[in-house]
Amino acid sequence: MKEKFPGFRPGLAILQVGNRDDSNLYINMKLKAAAEIGISANHIKLPNTATEADVLKCIASLNGDPAVHGFIVQLPLDSDKPINTEKITNAVAPEKDVDGLSSINAGKLSRGDLGDCFIPCTPKGCMELIRQTGIQVAGKRAVVVGRSKIVGAPMHDLLLWNHATVTTCHSKTSTLAEEVGKADILVVAAGKAEMVKGEWIKPGAIVIDCGINHVPDSTKASGKRVVGDVAYSTAKEKASYITPVPGGVGPMTVAMLMQSTVESAQRFLEKFQPGKWNIRYNQLTLKMPVPSDIEISQSCIPKPIEQVAREIGLLPDEVELYGQTKAKVHLSALKRLKNQPDGKYVVVTGITPTPLGEGKSTTTVGLVQALGAHLHQNVFACVRQPSQGPTFGIKGGAAGGGYCQVIPMEEFNLHLTGDIHAITAANNLVAAAVDARIFHELTQTDQALYNRLVPSVNGVRKFSDIQIRRLQKLGINKTDPTALTKEEVNLFVRLDIDPGTITWQRVLDTNDRFLRKITIGQSPTEKGFSRTAQFDITVSSEIMAVLALSDGLDDMKKRLGRMVVASSKRGEPVTADDLGVTGALAVLMKDAVKPNLMQTLEGTPVFVHAGPFANIAHGNSSVLADKIALKLVGKEGFVVTEAGFGADIGMEKFFNIKCRYSGLRPHVVVLVATVRALKMHGGGPAVTAGVPLPKEYMEENLQLLAKGCSNLNKQIQNARMFGVPVVVAVNAFKTDTKAELALVVQLAKEAGAFDAVECTHWAEGGKGAVALAQAVQRASQTPSNFRFLYNVELPVVDKIRLIAQQIYGARDIELLPEAQEKVALYTKQGFGNLPICMAKTHLSLSHDPEQKGAPTGFILPIRDIRASVGAGFLYPLVGTMSTMPGLPTRPCFYDIDLDPVSGEVNGLF
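Undergrad: What exactly am I supposed to notice about the overall build of the protein chain here?
TA: Scanning the protein chain from terminus to terminus reveals 33 helices and 36 strands. When the backbone C-alpha atoms are referred to their principal axes, the protein chain occupies close to 110 × 80 × 55 Å. A total of 909 residues make up the protein chain; the buried ones form 55% of that total. Per element, the accessible surface of the protein chain, about 38,200 Å² overall, is 53% carbon and sulfur.

Structural data, given as C-alpha cells:
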C-alpha cells in the first residue's frame, strides 16, 4: 500500500465514553499495535457525562472523515446518562465498522456474504487460530458456547459458512456437557469462570477460550488472577490445541482489528484515489437556440449541497446547511487541512470592459466545468457575491450565463445566506455610533460622560476589554476606573471627532439615487446637531473589503477595529476600536466570515464569498474561500477565481493587494476577450441598449479588429509584468467569423500569451471550454516567477506613479491639492506603507472612459486619496466615483415575478 500510495496511512478511530480501567487497557493495546504497523490511530475520549446525542454527533463526524477508514466504539459505554448501545453501534458507517457490530454487517455475515462485510474481531481471530492448526473445518462438528452479538452469534455464522456443522449452546443449555463432548471444534464465550470442565472435552478437540474472568487468588499481589471460561489445567490434557488465558484470543482480536482497518483502507483506495474526488457530475441537455439563463438554471436539478460537501472531502461538522442548495463552510476545515498541499491558483480577468460584455463570469464557470466534468480534475470556482442593487436595477445577476452558471441562480443573486445583510447591519452600527458619540460629547461634561461610559454596577466600576485597549493606546496604563486623573478622563471620554472629516457612510443594498446626499439629525431630539451625509450601496462598505481580505476570525476582528471613520480635531485618526464597537461588529459578522458553498450547472463546487467594489476596493472574492478551496482540491487540483473589471484594475489589485495579504502565489492568468469588444476598442461605434448593433459588430472587419487588439496586447503585457503565464480565452459569438477568431488568437500569441484559445462554453457548457482548460493545465506546469509591481515601503506618490505608468500607460500623474494634503496626512498618521487601490473608470486604461484601445502619453489626475485602513489600502480617486447607483427608467424589476403556485422566480437574468 505504501509503495503504491506513498504518504498514505490507514486511519483507525477509537471512540471511548467514560474512563473504565479495563477499557483504557484494551485501548492502549490497540493504539500500540497500530503504531507498530504504521496505522494512524486516533483515540477520542468523551466524558462519562456524555449523552446519547453527544456520542451520535461524534460518530457522524468520524463517519464523514475521509482520513478514518476503520472506526470502533469501545464497549461498554461508561456514561451516567442512558445510552442505547444498539443505536450507537448501528450509527457507525458499515464501511468503517471494523468491529463488525452494526446490524448491516451482522446481517451480511448471517447470510454468508463474507466478502462484503466486516466480521467482529474476536470471532475473526478465533477462526484464524483454528486455521493455523491445519485442521479442515468443513464437515467438522463445532460447538459454540455463548450467544452474544460480539462473539457467540457471529462465531456460529462464521463456522457455519465455513461448512462446519454448528451447535450453539449457552448457560441455560441443559445438556451442555453432552454437547461439548461432541465438538471437534469448541469455542467458549460464556463469561463464566471455568464453566467448561476438562473432562467434558472430546479428546483431540480444538478449544478456543474467549473468556476473561477474575477469581480470588491469595498468592497474587492483587488478590486475584485471570482465568478463562474453560478449566485450562484439565482441558489441556484432552485437547489437541487450546488457547491460554490470558495471551490467547486477546492478542488475536487486536491483530484482526488491525487487519480489518487495513482491509477497509484498501477498499477506500479502490474506490477513491488519494487526492481525487469521487464526484458525480451533472449531464447537460443542450438546446439551440440557447434558452434564457433562468430557464437553464431551473431546468437543472442541483445535487443536494450536503452531497457536494461530502464529495469534496468536507466533514459533516464543517458544513452548515442553508436549505438544500447552499451551505456555509466552517473555518475549522482550513485548520484541519493545514498540512495539505495547495492546488494550482488561476485568476480570470479580461480586456478593458465595454457595454458589449466580455463574459468573465461565464468563462470562469465554463473553465471549472471543463476541468472538472470533462477532464476529471479536482477544481473549485471562487466568485464574488453580487449586490442586489444591479439585480433589480439595470445589470441583472452575476451567476454566469448560458450553460455556464452557478445554480440556483435566484439563490445566488438574491439573499444567499445573508452576508450582505450582516455587512449592512455592521456598517450602520458604526455610522450610528459615530453620530451618537458626537452628540453625547456635545451635550455632556467629561465627568457625566465618564460616569455613563464606565458605570457602577452593584457598586463596582470596571473597564471593558475594548476600553482597556483605548487606555493603552492613549498611554494610560491603569485598570482602576477610580485612578484616572481629570486630564486622563478627558483624553479617555473625548474622541473630539471633526464632523467635516467623517468618511464613514450609511449603506443599503438597493440602488437609490435619492440617498446620494441627505441631511441627518433633523429631529428636535438631536438638539440642533445635523449634518450632510449620504448612503452608499452595501458592497462599497469597507467592511465588505475587510471580509474579503481577512484570513480568519481573529484577523477580521483586528481589521474591523482598525477601520478609520474620521479624524479628531487634533488630526488623529478615530477608529472603530475607539468607538468601542469592534466586538459587536465581530459578532454581527461571525457567520458572514464563513464561505458559502454552491455548485455549477455541471455539479462542480463553487465558493461564493464577499463582493467588494472593484474601483474604491479591490474587486475580488475572499482570501478565506481561496485558501480553503486550494486545500480541498489538493496538489494536482485547480482553484479558479475571478477579478473584477479589466486586468488593469481587478487583476492588478488581485496581485498587489489580495496576494500580498494572503501570501498565495498564482500560477496562471486567463484573459477573456471577445471580437465585438475588441472592435469597439479599435474605434467601433457606440452601442445603445435596446437598439440593434451597428453592422461593424455583425460583419467581418479585420482592420477594426486588429486595431482594437492593442488593448488585448497591453493587458497581456500587464499580466506578464507580474511574472505569470497568460492564456487568452476568446469568447466566441455566432457573428464572429473564422478569420476574426484566428486573428485574435494570432495577435494574442504574438503579444506574449502562453496560448490563446477559442471558447464556446456559453452555448456548450464545459465541453466548449475543454481546449481552454487544457491550455491552463499546460500553462500551470511552467514556472511562475510571480512578483509584485511595487514595494509598499515606497512613498505613496511613487506607488501611484508606478501603477499609472506601468499598468495604464500614463506619462505621469498630477496630484490635485486635496490629494496632496491627504498624502501628507496619511503619511503622518502612519498609513503611508499601505498598498494602493486605484479608483478609476473601468471603461478605459486612462481616466477618460471615451478613450478606447491602449492610449499613452496622458497625465493621470489624482483628485483625492482616501484610506481603508481596516481593509489595508489607500484608494486614490481618479475622477468622481459613484458609490450609490440609481435606478434606470425601466429597471429589471419590471420583469421579475414569483409564481404563487410553483414558488419559482421568473424574470431574473
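Undergrad: It is not clear to me how the pattern of salt bridges should be interpreted in this structure. Could you clarify?
TA: A side chain with one charge may pair with a side chain of the opposite charge, provided their charged atoms come close. By the definition in use, this model includes 43 salt bridges. One salt bridge connects D22 with R20, and the closest N-O pair in it is separated by 2.7 Å. On the accessibility criterion, R20 (35% relative accessible area) is partly exposed. A salt bridge links R801 to D798, with the nearest nitrogen and oxygen atoms 3.5 Å apart. Highlighted residues: R801 and D798, both in helix α32 (residues 796–808), separated by 3 residues, approximately one helical turn.

Undergrad: Explain the sheet that holds strand β4 (residues 141–145) to me, please; I cannot follow it from the model alone.
TA: Strand pairs in the sheet, formed through backbone hydrogen bonds, run parallel or antiparallel to each other. The parallel open sheet is built from 5 strands, whose spatial order is β5-β4-β6-β7-β10. For this open sheet the edge positions go to β5 (165–169) and β10 (241–242), each flanked by a neighbour on one side alone. Here strand β7 (residues 206–209) runs beside β10; their pairing, made up of 2 bridges, is parallel. In the strand pairing of β10, I206 is matched with Y241. Its contacts with the sheet place helix α5 (residues 121–132) against β6 (185–188) and β7, and it is angled at close to 155 degrees to β7.

Undergrad: Honestly, the side chain of T261 in this entry has me stumped. Any pointers?
TA: Take T261: it is sitting in helix α9 (residues 249–271). Look at T261 and you get buried, because its relative accessible area is 0%. Separated by 2.8 Å, the side chain of T261 and the backbone oxygen of L257 make a polar contact. Excluding residues that lie within four positions of it along the chain, T261 makes contacts with P10, G11, L12, I39, H69, G70 and V98.

Undergrad: Would you explain unusual backbone geometry in this entry?
TA: The phi torsion of most residues other than glycine is negative, and most of the peptide bonds are trans. The omega torsion across V245 and P246 is 0 degrees, close enough to zero to call that bond cis. Looking along the chain, the bond that leaves M288 and enters P289 is cis, with omega of -5 degrees. Structurally, P289 can be placed in the loop between α9 and α10 (293–299). At H376, a position not held by glycine, the phi torsion is positive, near 55 degrees. Assignment of secondary structure puts H376 in the loop between α13 (360–374) and β14 (379–383).

Undergrad: Hey, could you run me through a nonpolar patch on the surface in this one?
TA: Together, L887, F893 and Y894 line one region of the surface with nonpolar side chains, adding up to about 300 Å² of accessible area. Checked against the element boundaries, Y894 lands in the loop between β34 (873–877) and β35 (897–898).

Undergrad: Sorry if this is basic, but what is going on with the side chain of S844 here?
TA: With respect to the helices and strands, S844 occurs in the loop between α33 (817–828) and β32 (859–862). Residue classification places S844 among the buried positions, given a relative accessible area of 0%. Within the local environment of S844, its side chain forms a polar contact with the backbone oxygen of Q851, the two atoms lying 2.5 Å apart. The residues contacting S844, other than those within four sequence positions of it, are T352, D648, P849, Q851 and P855.

Undergrad: What's the story with the pairing of strand β3 (residues 70–73) in this structure? I'm lost.
TA: Here β3 shows two buried faces, one formed by G70 and I72 and the other by F71 and V73. Here 4 bridges tie strand β1 (residues 11–17) to β3, and the two strands are oriented parallel to one another. Across the sheet, L15 pairs through a bridge with V73, a residue of β3.

Undergrad: Explain the packing of aromatic side chains here, please?
TA: When we look at a pair of aromatic rings, we describe it by the centre distance and by the angle of the planes. Under the criterion given, the structure shown has 13 aromatic pairs. Both rings, one in F655 and one in F786, keep their centres 5.4 Å apart while their planes meet at 50 degrees; by these two values the pair is tilted. In this pair, F655 is assigned in helix α25 (residues 647–662) and F786 in the loop between α31 (770–780) and α32, connecting sequence segments 131 residues apart. Accessibility classification places F655 together with F786 in one group, the buried group. When the ring of Y826 is compared with that of F831, the centres are 6.4 Å apart and the planes differ by 50 degrees; the resulting orientation is tilted.

Undergrad: Whenever I open this one, the sheet that holds β3 confuses me. Can you help?
TA: Pairing within the open sheet is parallel, and its 3 strands lie in the order β2-β1-β3. The sheet is open, and its two borders are formed by β2 (40–46) and β3, each paired with just one other strand. On average, each strand axis in the sheet is inclined to that of its neighbour by 15 degrees, with strand direction left out of account. Seen against the sheet, α9 touches β1 and β3 and runs at an angle of roughly 125 degrees to β1.

Rules used in this analysis
- Residues numbered from 1 in each chain as written.
- Predicted model: local features only at pLDDT ≥ 70, side-chain atom pairs only at ≥ 80, totals over all residues.
- Heavy atoms only, no water.
- Helix = DSSP H or I, 4+ residues; strand = E, 2+ residues; numbered from the N terminus.
- Buried < 20%, exposed > 50% of the residue type's maximum accessible area, 1.4 Å probe, protein only.
- Areas by Shrake-Rupley, 256 points an atom, 1.4 Å probe, with all protein chains shown as cover.
- Salt bridge = Lys/Arg side-chain N within 4 Å of Asp/Glu carboxyl O.
- Pairing = 2+ DSSP bridges.
- Contact = heavy atoms within 4.5 Å.
- Axes fitted to C-alpha atoms, helices over the stretch in contact; angles between N-to-C directions.
- Polar contact = N/O pair within 3.5 Å; in protein donor to acceptor, adjacent residues only side chain to side chain.
- Patch = residues over 30% accessible without salt bridge, like charges linked within 9 Å, V, L, I, M, F, W, Y side chains within 5 Å.
- Phe/Tyr/Trp six-rings, centres within 6.5 Å; stacked < 30°, edge-to-face > 60°.

What is shown is where atoms sit, not what they do.
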